[in-house]
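Residues per chain, in single letters:
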Amino acid sequence: MKGREYASDHKYCGNCYFHGVYNFPDQTFCMLRFREREEPIVPTLDVCPHWKPDYQGCICVSEAVKKAKYKL
């Protein structure tokens, strides 16, 4: 059986299991960081060593990448 495919191959905070939408598409709310009593608001395109795949899927990363390219 083949595993699910992700919207992005990159391990960004915006496509992590622990993320929640906060300031779309620039920032996400990290439930793991909140639980650990760290600052839970992080950039969508940030990278974390605790990344876990989110099988539900989200457009946060694709929209944040579009916005970042537009700013250039």
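These lines cover the structure that appears in this document, whether it is placed above or below.

Conventions and cut-offs
Residues numbered from 1 in each chain as written. Predicted model: local features only at pLDDT ≥ 70, side-chain atom pairs only at ≥ 80, totals over all residues. Heavy atoms only, no water. Core = buried A, V, L, I, M, F, W, Y, C linked by side-chain atoms within 4.5 Å. Buried < 20%, exposed > 50% of the residue type's maximum accessible area, 1.4 Å probe, protein only. Contact = heavy atoms within 4.5 Å. Pairing = 2+ DSSP bridges. Helix = DSSP H or I, 4+ residues; strand = E, 2+ residues; numbered from the N terminus. Salt bridge = Lys/Arg side-chain N within 4 Å of Asp/Glu carboxyl O.

## Some thoughts on the nonpolar core
Step number 1: Grouped together as the largest cluster of nonpolar side chains are seven residues: Cys13, Cys16, Phe18, Cys30, Leu32, Val42 and Trp51.
Step number 2: Contact partners of Leu32, with chain neighbours within four places excluded, come to Phe18 and His50.

## Examining the pairing of strand 1 (residues 19-23)
Step number 1: For strand 1 and strand 2 (residues 27-30), the ladder comprises four bridges, and the chain directions are antiparallel. Looking at strand 2, one finds that His19 is bridged to Cys30.
Step number 2: The loop that links strand 1 with its antiparallel partner strand 2 comprises three residues.

## Comments concerning the pattern of salt bridges
Step number 1: Per the stated rule, a full pass over the model turns up four salt bridges.
Step number 2: The closest approach of N and O atoms between Asp26 and Lys67, which form a salt bridge, is 2.8 Å. Pair noted here: Asp26 is in the loop between strand 1 and strand 2 and Lys67 is in helix 2 (residues 60-71), with a separation of 41 residues, a long-range link.
Step number 3: Its relative accessible area of 31% is what places Lys67 among the partly exposed residues.
Step number 4: The salt bridge involving Glu36 is made with Arg35; its shortest N-O contact spans 3.8 Å.
Step number 5: Owing to a relative accessible area of 46%, Glu36 belongs among the partly exposed residues under this scheme.

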